[in-house]
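As a plain string of letters, each chain reads:
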Amino acid sequence: MQRKNKTLGEFIIENQQEFQYSTGELSKLINAIRLAAKVVNHEVNKAGLVDILGAAGETNIQGESQQKLDVLANEKFKQTLQNREIVCGIASEEEDDFITINSQDEQHQNKYVVLIDPLDGSSNIDVNVSVGTIFSIYRRVTPIGSPVSLEDFLQPGVNQVAAGYIIYGTSTMLVYTTGHGVNGFTLNPAIGTFYLSHPNMQFPETGRIYSVNEGNYTHFPQGVKDYIKYCQKEEDDRPYTSRYIGSLVSDFHRNMIKGGIYIYPKSSTAFNGKLRLLYECNPMAYLAEQAGGRASDGYRRILEITPTELHQRVPFFCGSRKMVEKAESFMAQYA
Ligand code: AHG
Ligand code: MN
Ligand code: MN
Ligand code: MN
């Protein structure tokens, strides 16, 4: 059991030996993400203030400041990772294509690729609701010394060597896994240090929260409709409580702590759902499994899906193991 209140820096050093390929590069990479998280946290926190200062321009395009923050978070993460020369490539929700990063010696010696959702839940920024960042790390599959290629990014989620998220909430937390459980660190903003506040996080085996955008109910597959009705039925410990923030990171974080299920199904208007396999579902699925939870597309384990394109979308069922299994049993009736 990890001692609480050690700093993230201490934790990274102490746990470096646990990494499968321990050359210190993955530690440097996590350190770079830690730094980028603090920078983006600073930007997110002052977003409201900037809006107030720029009130005269508010009528321009209301969505513009959100979009700016999407782009800004993307730039900050890219910059931090690029400057430290520890990754050979980055793919991002905000970029059309992946980015090749060359080391200073131009020898393409770095072995990790990072995939990011720089700002998750960005529609929540202008209403001051929690947003997040999601990251996912793989070892490249193409040989070191050659430029990174698409196949380095299109790996199934089981190949992830680390994944995590930052939640810019009532407090800012960085939650991540390197395949040895999930640990959560809370930022003390006064001194800019993350402390281990949530060691060995675990999804309760079952829970009483279901999180789904029920506004789309009429477009959902019958299995999802039936499961929602099951959640609402007065029987045993039901009806369950409905909670949906609309920021995957925040909905996931709450459900991991309290016990619950998150569903973003396919619908008649969005055939593969909305969430992106590479930037959102794979990292969250890895975290969920590492925390004793479960993640699927309703039928298949998310982590075993072989991606075919960077911005691929996939239906997502994720959370407490027994709740996801129950939802899958409803889906199976219409398979
Ligand atoms: P992003 O802001 O990175 O584009 O992600 C938004 C995602 C996810 O965070 C959230 O759970 C979902 O979109 C909400 O979608 P709906 O508004 O359709 O419910
Ligand atoms: Mn997102
Ligand atoms: Mn995003
Ligand atoms: Mn987006």
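All figures in this text were calculated on a predicted structure; none of them were measured in a lab. (Residues numbered from 1 in each chain as written. Chains lettered and ligands numbered in written order. Predicted model: local features only at pLDDT ≥ 70, side-chain atom pairs only at ≥ 80, totals over all residues.)

A. The arrangement of the overall build of the chain in detail. From N to C terminus, the chain includes nine helices and 13 strands. Against the compact-globule benchmark of 20 Å for 335 residues, the chain has a radius of gyration of 20 Å, which places it among compact chains. Each principal axis of the C-alpha atoms in the chain carries an extent, and together these give about 65 × 50 × 40 Å. For the chain, with 335 residues in total, the buried portion stands at 45%. (Helix = DSSP H or I, 4+ residues; strand = E, 2+ residues; numbered from the N terminus. Rg over C-alpha atoms; globule rule 2.2 N^0.38 Å. Buried ≥ 20, exposed ≤ 12 C-beta atoms within 10 Å, placed from the backbone.)

B. Spotlight on the domain arrangement of the chain. Assigned domains of the chain: these are domain 1 (8-198) and domain 2 (209-332). Put simply, the middle of domain 1 and the middle of domain 2, counted by C-alpha atoms, are 23 Å apart. With 32 residues of domain 1 at the interface, the matching set in domain 2 holds 27 residues. Among the elements of the structure, β3 (112-120), β4 (131-139) and β5 (162-168) are those that each provide at least two residues to the side of domain 1 that touches domain 2. Take the side of domain 1 that touches domain 2: its biggest share by element is five residues, from β4. Split into classes, the residues belonging to the side of domain 1 that touches domain 2 amount to 16 nonpolar, 13 polar and three charged. (Domains from an automatic or database assignment. Contact = placed C-beta atoms within 7 Å. Nonpolar A, V, L, I, M, F, W, Y, C, P; charged D, E, K, R; others polar.)

C. Looking closely at the site of ligand 1. Close contacts around ligand 1 come from E93, D117, D120, G121, S122, N213, G246, S247, L248 and K274, and that covers them all. Across the shell around ligand 1, the residue classes break down as one nonpolar, five polar and four charged. Each of domain 1 (8-198) and domain 2 (209-332) contributes no fewer than three residues to the shell around ligand 1. (Near = placed C-beta within 6 Å.)

D. Structural view of the sheet that holds strand β10 (residues 241-242). Pairing is mixed in the open sheet, where five strands are placed in the order β10-β9-β11-β13-β12. This sheet does not close on itself; its edge strands, each paired only once, are β10 and β12 (294-296). In this sheet, strand β11 (residues 260-264) lies alongside strand β9 (residues 209-211) in parallel orientation, the contact comprising three bridges. Note on β11: the bridge partner recorded for I209 is G260. In this fold helix α7 (residues 248-258) packs onto β9, β11 and β13 (316-319), with an angle of close to 155° to the strand it touches most, β11. (Pairing = 2+ DSSP bridges. Axes fitted to C-alpha atoms, helices over the stretch in contact; angles between N-to-C directions.)

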